[in-house]
Structure formats: structure tokens, C-alpha cells
Amino acid sequence: MSKNRIKKATTHVVQNEGLLFEESRPGRIGYSIPKLDVPEQPDDQLLDRRLVRDDDLEGMPELSEVDVIRHFTRLSTWNYCIDHGLYPLGSCTMKYNPRINEKIARIEGFAELHPLTPARLAQGALEVIHHLEKCLAQITGLAAVTSQPAAGAQGEMTGLMMIRAALTERGNPRKKVLIPDSAHGTNPASAVICGYTVETVPSRSDGLTDLDELRKQMSEDVAALMLTNPNTLGKFEQNIREICGIVHEGGGFVYMDGANMNALAGVTKPASFGIDVMHLNLHKTFSTPHGGGGPGAGPVAVTAELEPYLPFPRISRAEDGMLALDFDRPKSVGRVRAFFGNFGVLVRALAYILTHGDSGLREATETAVLNANYIAHHLKDTYDVPYPGRVMHEVVFSDKRQLKYGVRNADIAKRLIDYGFYPPTMSFPLVVHGALMVEPTETEGREELDLFIDAMKSIDGEASEDPALLKHAPLTTKVGRLDEVTAARKPVLKWRSGKGD
Ligand SMILES: *Cc1c(COP(=O)(O)O)cnc(C)c1O
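Residues numbered from 1 in each chain as written. Predicted model: local features only at pLDDT ≥ 70, side-chain atom pairs only at ≥ 80, totals over all residues. Heavy atoms only, no water.

**Q** Please give an account of a nonpolar patch on the surface that cites residues and values.
**A** There is a patch of nonpolar side chains on the surface, built from Ile 29, Tyr 31 and Ile 33 and spanning about 370 Å² of accessible area. Structurally, Ile 29 can be placed in the loop between α1 (2-11) and α2 (43-46). (Patch = residues over 30% accessible without salt bridge, like charges linked within 9 Å, V, L, I, M, F, W, Y side chains within 5 Å. Areas by Shrake-Rupley, 256 points an atom, 1.4 Å probe, with all protein chains shown as cover. Salt bridge = Lys/Arg side-chain N within 4 Å of Asp/Glu carboxyl O. Helix = DSSP H or I, 4+ residues; strand = E, 2+ residues; numbered from the N terminus.)

Printed below as a string of C-alpha cells:
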């Protein structure tokens, strides 16, 4: 089976290497425009003189339409995407994006609406946002939601700004934010941006938060605990109520990083375990496309206590039933983003939620958890599992057993590309050395999971028989193994003639 997958991957490598500039031929054009049928006017009468070029535009490639189409289509085949196959990038919840969401986001009234349209003429768009915020409040069990933040990280910042505002009003903004050692890097970054110092809470050997340590660290200086649940080891914090109790007793707030809601949505509500504020990653849990720095959305849900601090404007329904923008929010932390965030992402997420409904969201969550445990079960004898036992929506392996052949997690991940899969997450959780964090999501069928399991087993075989092979992987892609350090430190972002420089 896995051999098939290798062949499939090989056929993706298109031989023609032509680049736009090299393919250029003088005089070749890719457009046709009708003949001028009005009197010609000198350029400087049409445009401000200062805006008119004096010289010809040089060095632009001259190509036919088909050249351009083939160039970009070829480039697209050198990349990997969720529409190619499993994308097991742990914690990122790369799930298939149903095309109906795309279709709805492209409805003209949504896609072409100008952001400055007056509220009374944008009722449909406001209704989408208002309705989505209500759905997300229901899913989290919290009182109110803002859809403004454009990403999870911005949601974290917004949430902490609200905590800071609430604590300041109580008389002391406090100094510290506690964050478990398994956290995603954005958590400490957001805390620091909001003026807090970060203190790490160690995990126990089972991967869960150490309550005794938390009790010791909790003090009048602690503004909040930021915690991901299930955490990035794929483990549900079983003592979550007690954890929230400890923080609340100490006068702090509990911020939940909701990036892993794919393990909870439709099954349980974070408000029920005592969370005060959390973000959701619509581009993860609610399917909208993501990756490569594209648009996302990180709505933030809060308790009634924190509601007055939400970013403005809020959308409210007037007596005549029309939706209006409410700027009269004296305690608000202000705007965190222009207009209402990435509106197209909000439309897609609402379409996703409404097409699934309560029972559909629950089924998606249950299937995601089942899929992760299926992979965990079939690979636990082949790969080291540093925190064994049942997992939620993702499972973290390590390269410990393959290290004796000199094979590291990066080698395994690169080789997976040859088998036609995207590599798993490796950069965190930091508590696992040589991590391979796999999140299959619910959108993969059993056959795809079996192919992945076969590939992982096959790579383990290669590690013992031919470790050098893995050191050179990927072997079937357009670009082989890159020097990632140089690529990050000295990126070449401009086209060059290719003559030796
Ligand atoms: C993805 C992720 C974030 C950050 O979300 P962005 O939308 O990428 O800013 C934060 N925490 C966890 C656990 C994540 O997986």
C-alpha cells in the first residue's frame, strides 16, 4: 500500500522547470483588448503628470496566456495541501474544508460588500456575525463573543487585555501570567505583549498540570493562568475544575487557549469547568482554510463579568429589529482590528456550524478523537510514546527508538513527504524531545489513516536498514532537503537571473 503512495508522490513531480522570466519571448502577449474607439488623449491629460512614467517598463516577462496558466499550475503541484491528502500537523487541526463553505463565502452580497457600508445597508453581514457570535457562545458555554481578532494569537492578546482591564478596575492589574510548560509559543508571547512576566508551571509525568506546583505559584501577583485544554500532548486536564478553583481563589482569571476545541466542540463546554475567557481558532476547529499566513479568525468568548471589556463596536439589535453598531462601551479595551476581522472566514465558519448542527459537531469531535486513538494504537509498538494512554484529538510520538540509528524526528518527517503525507508538528510541545505530534482530524477515512500508519512503519524499517536514505529525504519532491537555518536567516526573496549568483 505505502509503495503505491510513493509512486503517486513521484508522479506529482513535474519535469518542466520553466520559470516565468526564462520563458519570456519578445512580443508574446497574453491578453487582447478591443481597439480604441474614442479619440486618443495624451497621457498627461488623463492622469496627473507626476503619475505618468517616462520610460518603458523593462524586464517584465512577455508570455502567452497558456504560459502563465501552466507556470502557476505547475508551481501549485510543487506544494502540498489538504486537498492532496492527510495533513497531520498536530495542534493545527488541518481538516478538509467543505466546498459549500467556499460557495457561500463567495455570494456576492458577502464577498463584494464594502466594509464602510452603513450598518442599515449591511444587515445581512451583521446578521452573519451576530449569529456566529451566538453560536460560539453556545459552543463554549460563555456569555458573549467578539469576532474581531484575526488569529488565535491575537485572540490571546485580546483576552489578556480584558483581564488586565478588569483587574486594573479592581485596583491591581497584577504582574504575572502562569503558563504550563507544554504550551504553544504564542501563549507566553501574548502575555509579554500585554506587559506580564511569564512563570512556567511544570507538568507531571502523566503530562497534566501539577496542582501542588500551581498552588505554590498562585499569588496576589498572578493575573491569569493560560492553559490549553486538551493540552498539546493531546491530554485532557482531568483536574480542570480544581485548577480553575485554585486560580479563582487567588483572585486570578483562567484563560483557555481553545486551539484544541476540535476535541471538545459539541461534547463539552469550557464554561462548565470554570474558564473565564478563551479564544477559538475558526481556521482550525471550524474548517476554514489556513496555512501560509493566510487570513484566519480568533474570536474570543468571555463570561458575563468580562463582557463590558470586549472590543467595540458591539453588534446589538435595536427595538425595530435592525442590527446596529454600539460604540458606547466605556470599559471596552477598544478596537483590536479594522472593521469586523476577516469577514470571509466568519461566513465560512457559520456555514460549517449550521451545516453540522449540534449532533454533527459532536460526531466530528468524536470521530477526531477516535482517529487519533486509532493511529496511537497502531503505532505505539513502533514509535516511542512519551506520555502513554488514551489521547484526545492528537497523539505525540518521539524519535527515541529511531535515534539509535541516528535517525531524528526531522528525518522521519521529511521521509513522510516521499510517502505523500505532510510532516507532523515537531517544534513543540517543548517537553517532548524529538516530538512528532500527529493530529489526523475527523475528515480522514480509515483507508487514509491506514496508509499513514503503513508509511510510518515502513519508515521505521528504513531507519534500521538504510538510515542514510532518511537523512537525504525527501527524494521525490521538486526541492530536496533545504538548509532551513540559512533559509530562515538569509532568505532569498527576489528572482535572480540564475547565472551563478
Ligand atoms: C494554532 C495555535 C495557536 C495560535 O493560533 P494562530 O491562529 O495561529 O495565531 C495557539 N495555541 C495553540 C495550541 C495552537 O495550536
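**Q** I'd like a rundown of the site of the ligand, residues and numbers included.
**A** Around the ligand sit Ser 91, Ala 151, Gly 152, Ala 153, Glu 156, His 184, Thr 186, Asp 257, Ala 259, Asn 281, His 283 and Lys 284, and those are all the residues in its vicinity. Ser 91 is positioned such that a nitrogen or oxygen atom in its side chain is 2.7 Å from an oxygen atom of the ligand. Here Gly 152 contributes a backbone N or O atom positioned 2.7 Å from an oxygen atom of the ligand. Contact with the protein chains hides 88% of the accessible area of the ligand, taken as 380 Å² for the molecule alone. At three residues, the largest contribution of residues to the shell around the ligand is made by helix α7 (residues 152-170). Residue composition of the shell around the ligand, by class: three nonpolar, six polar and three charged. (Near = heavy atom within 4 Å. Polar contact = N/O pair within 3.5 Å; in protein donor to acceptor, adjacent residues only side chain to side chain. Nonpolar A, V, L, I, M, F, W, Y, C, P; charged D, E, K, R; others polar.)

**Q** Mind laying out the environment of Ser 287, listing which residues take part and the relevant values?
**A** Mapped onto the elements of the fold, Ser 287 is located in the loop between β6 (277-279) and β7 (300-302). When the C-alpha positions of Ser 287 and Arg 348 are compared, they lie 7.9 Å apart, and in sequence the two are 61 residues distant. Setting aside chain neighbours within four positions, we find Ser 287 in contact with Lys 95, Tyr 96, Asn 97, Pro 98, Asn 101, Leu 282 and Tyr 352. (Contact = heavy atoms within 4.5 Å.)

**Q** Outline the pairing of strand β9 (residues 323-326), listing residues and values.
**A** A regular strand carries its side chains on alternate faces of the sheet. With four bridges joining them, strand β8 (residues 314-317) and β9 adopt antiparallel strand pairing. Each residue of the ladder has a partner; that of Ser 316, found in β9, is Ala 324. (Pairing = 2+ DSSP bridges.)

**Q** Which residues make up the packing of helix α12 (residues 409-418) against helix α13 (residues 446-465), and what values do they have?
**A** Between α12 and α13, whose axes approach to 10 Å, the crossing angle comes to 125°. Between α12 and α13, the crossing angle belongs to the class labelled oblique. As α12 packs across α13, the resulting crossing turns out to be right-handed. Touching Ile 412, Arg 415 and Leu 416 of α12 are Phe 452, Ala 455, Met 456, Ile 459 and Glu 462, all from α13. A breakdown of the residues in the contact of α12 with α13 according to their chemical character gives six nonpolar, no polar and two charged. (Axes fitted to C-alpha atoms, helices over the stretch in contact; angles between N-to-C directions. Parallel < 35°, antiparallel > 145°, perpendicular 65-115°, else oblique. Left-handed = near helix turned anticlockwise from the far one by under 90°.)

None of the figures reported here should be taken as evidence of function without further support.
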